[in-house]
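# A closer look at the structure
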Protein chains: 2
Amino acid sequence: MSDVPSNDPLAALPGYVLRRAANAMMAELASRLGAIDLKISDASVLLLIAGRDDMTSSEIGKVLDIQRANMVPLLNRLEAAELITRQPLDRKSQAIVLTPEGRTTLGEVQSITHQFEADLLARIPDADRPHFMPALRALID
Amino acid sequence: MSDVPSNDPLAALPGYVLRRAANAMMAELASRLGAIDLKISDASVLLLIAGRDDMTSSEIGKVLDIQRANMVPLLNRLEAAELITRQPLDRKSQAIVLTPEGRTTLGEVQSITHQFEADLLARIPDADRPHFMPALRALID
DNA sequence: TCCAGATAGCTATTGACTATAGCAAAACCG
DNA sequence: CGGTTTTGCTATAGTCAATAGCTATCTGGA
């Protein structure tokens, strides 16, 4: 109905709006996670290995789309913060395991994440909300 | 119903899926624009100043969310490719204007973009498609 | 008219993140 | 066994955005 004239011709392009929305949301999440000194990728690792003690660096990278080489500084950071430890599985592989402190931080991450996701969904009109995830999933191979 | 077990606990998080979808789509668009040696930000500038001859660097940056400082190398690149020129508006400001070659390239950009947006929407199930843009718009302030 | 403050364009630098190549050691498998 | 693959890592380079600061110019109110 009463559309504010956005005078931005790109606002009609789904790809452009998708990128804008993702950027805005990730900036918001990064800001919230900053309160406990974690980056988004840090938090996603913690969430992924929650309740597990058998995932290797390589496996985590495959799931999260982070290359092996780039997992190293990330895990070093988490290890330096004493949130995870590296535990040998055999003489080559090692499991990434939460420390007790890591488990505490995981709780905070889950709390922040849960609130963030709820706030995100709350911004979407009721009629559109059920269609949000299916639409996005369809875009991911 | 029959959900394929993705064994990725993050797949249930809207924010995470949003980021993944945006990344996948932007990688696809970047690849297509690479065929005419343009980056996504290059193309968005061309699309924005299409049919106008009065937008300054600062104004373009405000609309596209690109900081003044970062507009400089971007416009230098487009100018070096002879797609735009800088035309003085007064002794301080200058309009960014498409060259004839820029207008030709703009046509290619519009063609690629149009096809990309169509392909993107085509991947979304019919039932969800009408809800895609409204949902995303709601996430952008 | 004049001056303070805002604005435009730019330089230079930095940090975050990602991508690539390569390596040694270990594991895997026919 | 022995060739191939995998794992974790180093080192490096490229992309991109953010910050601070500078000069010249424009603008609006006293």
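Residues numbered from 1 in each chain as written. Chains lettered and ligands numbered in written order. Predicted model: local features only at pLDDT ≥ 70, side-chain atom pairs only at ≥ 80, totals over all residues. Heavy atoms only, no water.

### Description of the overall build of chain A
The helix and strand tally for chain A stands at six helices and two strands. Seen in sequence order, chain A has helices and strands lined up from the N terminus as α-α-α-α-β-β-α-α. Over its C-alpha atoms chain A spans a radius of gyration of 19 Å, topping by over 25% the 14 Å that the globule rule assigns to 141 residues. Looking at chain A as a whole, 42% of its 141 residues qualify as buried. Contacts in chain A between residues at least 24 apart in sequence constitute 48% of all its contacts with a sequence separation of at least 6. As displayed, chain A has an accessible area near 7800 Å², and 52% of this comes from carbon and sulfur atoms. (Helix = DSSP H or I, 4+ residues; strand = E, 2+ residues; numbered from the N terminus. Rg over C-alpha atoms; globule rule 2.2 N^0.38 Å. Buried < 20%, exposed > 50% of the residue type's maximum accessible area, 1.4 Å probe, protein only. Contact = heavy atoms within 4.5 Å. Areas by Shrake-Rupley, 256 points an atom, 1.4 Å probe, with all protein chains shown as cover.)

### Some remarks on the protein's contact with DNA strand D
Neighbouring residues of DNA strand D: 18 residues in total, closest Ser58(A), Arg68(A), Lys92(A), Gln67(B) and Arg91(B). Counting only the atoms of DNA strand D that lie within 4 Å of the protein, the sugar and phosphate share comes to 60%. The contact in question runs from a base oxygen of DNA strand D to an N or O atom on the side chain of Arg68(A), over 3.1 Å. At 3.2 Å from a base nitrogen of DNA strand D is found a side-chain nitrogen or oxygen belonging to Asn70(B). Looking at the surface near DNA strand D, the elements with two or more residues in it are helix H3 (57-64) and helix H4 (68-80) of chain A together with helix H4 (68-80) of chain B. Counted by class, the surface near DNA strand D contains three nonpolar, seven polar and eight charged residues. (Near = heavy atom within 4 Å. Polar contact = N/O pair within 3.5 Å; in protein donor to acceptor, adjacent residues only side chain to side chain. Nonpolar A, V, L, I, M, F, W, Y, C, P; charged D, E, K, R; others polar.)

### Some words on the relation of the copies chain A and chain B
Superposing chain A onto chain B takes a rotation of 180° combined with a translation of 0.1 Å along the rotation axis, leaving an RMSD of 0.1 Å. Here the transformation between the copies is reduced to the relation of a two-fold axis. Most of the interface of chain A is mirrored in chain B: 100% of its interface residues are interface residues there too. (Least-squares fit on C-alpha atoms with pLDDT ≥ 70 in both.)

### Quick look at the pattern of salt bridges
Residue and element names in this part refer to chain A. Taken as a whole, this structure holds 14 salt bridges over all chains when the rule is applied. A salt bridge links Glu 28 to Arg 32, with the nearest nitrogen and oxygen atoms 2.6 Å apart. With Glu 28 and Arg 32 both in helix H1 (residues 14-34), this residue pair falls four residues apart, about one helical turn. Judged by its relative accessible area of 23%, Arg 32 falls in the partly exposed class. Arg 77 is the salt-bridge partner of Asp 42, the closest N and O atoms lying 2.5 Å from each other. Here Asp 42, found in helix H2 (residues 40-49), pairs with Arg 77, found in helix H4; they are 35 residues apart in sequence, far enough to count as distant. (Salt bridge = Lys/Arg side-chain N within 4 Å of Asp/Glu carboxyl O.)

### Description of the packing of H2(A) against helix H5 (residues 100-123) of chain A
Helix-helix packing is characterised by the crossing angle of the two axes and by the distance between the axes. All names here are of chain A. In contact at an axis separation of 10 Å, H2 and H5 are set at 110° when each is read in the N-to-C sense. One element, H2, and the other, H5, form an angle in the roughly perpendicular class. Across from Ala 43, Leu 46 and Leu 47 in H2, the residues of H5 making contact are Thr 105, Leu 106, Val 109, Gln 110 and Thr 113. When its residues are assigned to classes, the contact of H2 with H5 shows five nonpolar, three polar and no charged. (Axes fitted to C-alpha atoms, helices over the stretch in contact; angles between N-to-C directions. Parallel < 35°, antiparallel > 145°, perpendicular 65-115°, else oblique.)

### Here we look at the interface of chain A and chain B
Each side of the interface is counted separately: chain A has 46 residues, and chain B has 46 residues. Contact between chain A and chain B buries roughly 4300 Å² in total, counting both sides, with carbon and sulfur atoms accounting for 71%. On inspection of chain A and its partner chain B, the count reaches two salt bridges. Taking the shortest distance from any N to any O, the salt bridge between Arg20(A) and Asp65(B) comes out at 3.7 Å. Our count for the chain A to chain B interface comes out at 13 residue pairs in polar contact (both at pLDDT 80 or more). Of all the secondary structure elements, the ones that give two or more residues to the side of chain A that touches chain B are H1, H2, H3, H5 and helix H6 (132-139) of chain A. For the side of chain A that touches chain B, the element with the most residues is H1(A), which contributes 12 residues. (Buried area = accessible area lost by both parts, 1.4 Å probe.)

### Thoughts on the protein's contact with DNA strand C
Close to DNA strand C lie 18 residues, the nearest being Gln67(A), Arg91(A), Ser58(B), Lys92(B) and Gln94(B). Between DNA strand C and the protein, one listed contact pairs a phosphate oxygen with a side-chain N or O atom of Ser58(B) at 3.0 Å. Between a base oxygen of DNA strand C and a side-chain N or O atom of Lys92(B), the distance comes to 2.5 Å. Tallied by class, the residues present in the surface near DNA strand C amount to three nonpolar, seven polar and eight charged.

### Considering the side chain of Arg20(A)
With respect to the helices, strands and loops of the structure, Arg20(A) is situated in helix H1. Arg20(A) sits in the buried class, given a relative accessible area of 18%. Separated by 2.6 Å, the side chain of Arg20(A) and the backbone oxygen of Val63(B) make a polar contact. Setting aside its immediate chain neighbours within four residues, Arg20(A) contacts Val63(B), Leu64(B), Asp65(B) and Ile140(B).

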